Structures are given as C-alpha cells and as structure tokens.
Amino acid sequence: MKQRDIQVLQEMGITYWQVRKPEIFPNQVLPVINLPAECKLLFITAEELDEHDAWLFGRILSSMKLTPDQALSLPLSALDQIAAHHLNWCWFAGCQGAHPTGCQVLNSASLKLMHNDPSSKKALWQQICSYDS
C-alpha cells in the first residue's frame, strides 16, 4: 500500500495493519513487489536510514556511477516478494540473505557502522571493484 493511501486511511480514522509474519497465515497470498525498470541496485537493510546514512549511501552510489533514482531500499523480509527485475546489484548492509538471481552481490556492515570504520568502507569498495575486472 502506498504511503498516501495509508495517510488517507488515517485521516478517515481507519487503522492500517500490516502482517509482519505472513508465514503464520499459509493460505494468504503474499503481495508481489514489482521493481521499477530503472532500479539497478537493491539495498537490503534492517535499519532505518537517517540523514547521515543517506549522505553516505549517496556517495557510495555515485562512486558506482548510479543515481538515487536507480536504487531501492527494502527490508530482508521483502526479498521473497520480488518479481522479475532488472537489477545489477544487491547490497546487504548489516544482514545476510538469499539474493535475487542474476545480480552482483555486495555484503557490508550497516551504514551506521561504516561512518567510523574505514576498513569496512575499503572492504565494500574492494567488492565493488572485483566485479569490474
């Protein structure tokens, strides 16, 4: 459900509920996440990004020659719901999981930890460069 739709429901006094453990309801069909065609990088993290994290994320994207419009952030639990995609990259930050097929995988510490840890930034950069060769 889109954020605007949720706000409309809230203004009408209707409570919006989201099932966090859909496996409890085996007969329920999970919604499919259709990624936009321009999405080239999927950023998987369990943390909410603050302004400082978003700045670092933008810097890393630009070093990969990507724009923020070409990236999408999802929680780990949403990976099973991804439909067909045009992804080039799947970046797990502070978590591990099964990645969508056909994309290059990056693993790093969370962005919050990377701010003060040059070695984790270097490790991420080495992973990125390893795909260029």
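Think of each chain on its own: its residues are numbered from 1, step by step along the sequence as written. Whole-chain, interface and lining totals are the exception, using all residues; otherwise, since this is a predicted model, local features are given only for residues with pLDDT of at least 70 and side-chain atom pairs are given and counted only at 80 or more. Note that water and hydrogens are dropped before the side-chain values are worked out from all heavy atoms of the structure.

1. Some points on the environment of Ser 119
For step 1, the next point in the chain: Of note, Ser 119 is situated in helix 4 (residues 118–132).
For step 2, the next point in the chain: There is a polar contact of 2.6 Å between the side chain of Ser 119 and the side chain of Asp 117. Helix numbers and strand numbers start at the N terminus; a helix is a DSSP run of H or I with at least 4 residues, a strand a run of E with at least 2. A 3.5 Å cut-off defines polar contacts: any pair of N or O atoms within that distance qualifies, except that in protein one atom must be a possible hydrogen donor and the other a possible acceptor, and neighbouring residues in sequence count only when both atoms are side-chain atoms.

2. Topic: the side chain of Thr 45
For step 1, the next point in the chain: Note on placement: Thr 45 falls in strand 1 (residues 41–45).
For step 2, the next point in the chain: The exposure class assigned to Thr 45 is buried, which follows from its relative accessible area of 6%.
For step 3, the next point in the chain: When residues no more than four places from it in sequence are discounted, the contact partners of Thr 45 are Ser 73, Leu 74, Pro 75, Leu 76, Ala 93 and Cys 95. In this scheme, a residue with accessible area under 20% of its type's maximum is buried, one over 50% is exposed, and one in between is partly exposed, where area comes from a 1.4 Å probe on protein chains only. The contact definition used throughout considers only heavy atoms, calling two residues in contact when any of these lie within 4.5 Å.

3. Some details on the environment of Ala 93
For step 1, the next point in the chain: Along the chain, the position of Ala 93 falls in strand 3 (residues 89–93).
For step 2, the next point in the chain: Sequence separation between Ala 93 and Ala 109 is 16 residues, and the spatial gap between their C-alpha atoms is 5.3 Å.
For step 3, the next point in the chain: Discounting residues that sit within four places of it in the chain, Ala 93 has contacts with Phe 43, Ile 44, Thr 45, Ser 108, Ala 109 and Ser 110.

4. Some points on helix 4
One full turn of an α-helix is made of 3.6 residues, so residues set three or four places apart face in the same direction.
For step 1, the next point in the chain: The span one expects for a helix is its residue count, reduced by one, times 1.5 Å. The end-to-end C-alpha distance of helix 4, which contains 15 residues, comes to 21 Å, matching closely the 21 Å that a straight helix rising 1.5 Å per residue would cover.
For step 2, the next point in the chain: At its buried positions, helix 4 is contacted by helix 2 (51–63), strand 3, strand 4 (104–108) and helix 3 (111–114).

5. Some thoughts on the packing of aromatic side chains
For step 1, the next point in the chain: In this scheme Phe, Tyr and Trp rings, the latter by its six-membered ring, pair at centre separations within 6.5 Å, and the angle between planes marks the pair as stacked below 30 degrees, edge-to-face above 60, and tilted otherwise. Going through the model one piece at a time under the given rule, you end up with four aromatic pairs.
For step 2, the next point in the chain: A ring pair is formed by Trp 89 and Tyr 131, whose centres lie 5.4 Å apart and whose planes are at 85°; its orientation type is edge-to-face. On the criterion of sequence distance, the pair formed by Trp 89 in strand 3 and Tyr 131 in helix 4 is long-range, its members being 42 residues apart.
For step 3, the next point in the chain: Judged by relative accessible area, Trp 89 falls into the buried class, the value being 9%.
For step 4, the next point in the chain: Residue Tyr 131 is classed as partly exposed on the basis of its relative accessible area, which comes to 34%.
For step 5, the next point in the chain: Feature note: the residues Phe 43, Phe 57 and Trp 91 constitute an aromatic cluster, connected by ring pairs.

6. Details of the pattern of salt bridges
For step 1, the next point in the chain: For salt bridges, the criterion is a side-chain nitrogen of Lys or Arg within 4 Å of an Asp or Glu carboxyl oxygen. Applying the stated criterion across every chain, the model contains two salt bridges.
For step 2, the next point in the chain: Here Asp 50 and Lys 112 are joined by a salt bridge, their closest N and O atoms 3.7 Å apart. A residue pair is termed long-range when its members are at least 10 positions apart, and Asp 50 in the loop between strand 1 and helix 2 and Lys 112 in helix 3 qualify at 62 residues.
For step 3, the next point in the chain: On the basis of relative accessibility, which here comes to 38%, the residue Asp 50 falls in the partly exposed class.
For step 4, the next point in the chain: Measuring nitrogen to oxygen at the nearest pair gives 2.5 Å for the salt bridge that ties Asp 53 to Lys 112. Here Lys 112 lies in helix 3 and Asp 53 lies in helix 2, a separation of 59 residues in the sequence.
For step 5, the next point in the chain: By relative accessible area, Lys 112 is classed as partly exposed at 35%.
For step 6, the next point in the chain: Each member of the salt-bridge network shares a partner with another, and the members are Asp 50, Asp 53 and Lys 112.

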